[in-house]
Amino acid sequence: MEDVCVWSLEPIGMFTIKSMWNGLRSIGPSVSWALFVWNKHLPPRLSILGWLWVHGKMLTDDMNQAKAVHLPSRCDLCVKNAESFIHLFLECSFYLEIWSKTVVMFNVAWKKMASVNELINWWKNKGKGWSLKDPWMIGMMITIAAIWNERNARRYKDKNWCLSMIYAIKREISFVCSKLKFSSKSVDDLILCRRFHFENASHVSHKTLEIHWGKPMRSWAKLNVNGCSLGNSGRARRGGILQDHNGRLLLCFNFFLGVTTSFIVEIVSID
Ligand SMILES: [Zn+2]
């Protein structure tokens, strides 16, 4: 019988690059921060900074003091407290404001975190199943870099970019994610894509339309009404909203109409 070469790392005996790589590398335990730091769309400079951040290895004053370099310490961002890693990224009032504004750009409400792990897990959970998960994850690393750059600019260059920081963060997210493709599943996601100028964004829903609300003329008010019935005919409800020429809410209402058809509801809605 003739000898045959067999690649023992594959069940079928055929050589593959994947099996060779898996045979060579040692697989470490999975960590919650891997999706942030090793995101394939993230520039290497941000991956390296992110790795230092999740390991608490950035050269803040408390790190220098741990190496027996005892110098006076003051946070360059809030100018109130001594600088430490925890203060700079989790407690500083400046930090809280920047993080808050960043997450609001994504229509997410901010909450104060007690540790880096809590922040990472909270951020990760918010991104689960979201069509804009990549920009959201990348946004975290970009914000960390922005805070660190601001701290260094104040300390070593005597510069202060705080007024334009949030715009710089938004611009960087737009730039890093400019080549990504998105399939937004909701109108909110589509609006977010527009906000970040993601040009490769599409909408997958066949039922939702992108519409624009136009302001009425000055001193006028606009009434928008709608109604629907569940099952046509079925349980029906109508509602409306009255807004002035600045878009300010003047009045809103909704009423249960009993069991009827969609046609009747639409007519009754403007009654
Ligand atoms: Zn501070």
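Further up the page is the structure itself.
Residues numbered from 1 in each chain as written. Predicted model: local features only at pLDDT ≥ 70, side-chain atom pairs only at ≥ 80, totals over all residues. Heavy atoms only, no water.

Draft legend 1. Focus on the pattern of salt bridges. For the structure shown, the criterion picks out nine salt bridges. Across the salt bridge formed by Asp-76 and Arg-155, the nearest N and O atoms sit 2.7 Å from each other. Linking Asp-76 in the loop between helix 4 (61–66) and helix 5 (85–91) with Arg-155 in helix 8 (residues 133–156), this pair joins segments that are 79 residues apart in sequence. The residue Glu-150 makes a salt bridge to Arg-154 at a minimum N-O spacing of 2.7 Å. Taken as a pair, Glu-150 and Arg-154 lie in helix 8 at a separation of four residues, close to a single helical turn. Each member of the pair, Glu-150 as well as Arg-154, is classed as buried. Salt bridges linked by common partners bring Asp-61, Asp-76, Glu-83, Arg-151 and Arg-155 together as one network. (Salt bridge = Lys/Arg side-chain N within 4 Å of Asp/Glu carboxyl O. Helix = DSSP H or I, 4+ residues; strand = E, 2+ residues; numbered from the N terminus. Buried < 20%, exposed > 50% of the residue type's maximum accessible area, 1.4 Å probe, protein only.)

Draft legend 2. Broad picture of the coordination of the zinc ion. Only Cys-75 (SG), Cys-78 (SG), His-87 (NE2) and Cys-92 (SG) from the protein coordinate the zinc ion, and they sit 2.2 to 2.4 Å from it. Spacing between the donor residues of the zinc ion along their common chain follows C-x2-C-x8-H-x4-C. When its relative accessible area of 13% is taken as the criterion, Cys-78 is described as buried. (Donors = N, O, S within 2.8 Å, 3.2 Å for Na, K, Ca; no water.)

Draft legend 3. Structural view of the pairing of strand 5 (residues 249–260). Of the pairings in the sheet, the one linking strand 4 (residues 234–244) to strand 5 comprises 10 bridges and is antiparallel in character. Pairing of Arg-235 across the sheet is with Val-259, part of strand 5. (Pairing = 2+ DSSP bridges.)

Draft legend 4. Region of the structure containing unusual backbone geometry. A positive phi is found at Ala-68, a non-glycine position, where the angle reads about 70°. For Ala-68, the location among the structural elements is in the loop between helix 4 and helix 5. On the basis of relative accessibility, which here comes to 60%, the residue Ala-68 falls in the exposed class. The phi torsion at His-197 lies on the positive side, around 60°, for a residue other than glycine. Mapped onto the elements of the fold, His-197 is located in the loop between helix 10 (187–195) and strand 2 (201–203). Since its relative accessible area comes to 58%, His-197 is described here as exposed.

Draft legend 5. Structural context of the sheet that holds strand 5. Taken in spatial order, the three strands line up as 3-4-5 in an open sheet, and their pairing is antiparallel. Two strands lie at the open edges of the sheet, namely strand 3 (221–229) and strand 5, each paired on one side alone. When strand polarity is set aside, the average angle formed by the axes of neighbouring strands in this sheet is 10°. Sheet strands in contact with helix 11 (residues 262–269) are strand 3, strand 4 and strand 5, and its direction is about 160° off that of strand 3. (Axes fitted to C-alpha atoms, helices over the stretch in contact; angles between N-to-C directions. Contact = heavy atoms within 4.5 Å.)

Draft legend 6. Structural context of the pairing of strand 4. Strand direction decides the pairing type here: strand 3 and strand 4, joined by nine bridges, are antiparallel. In the strand pairing of strand 4, Lys-222 is matched with Gln-243. In sequence, strand 4 turns back onto strand 5 through a hairpin of four residues, with Gly-247 there showing a positive phi of about 85°.

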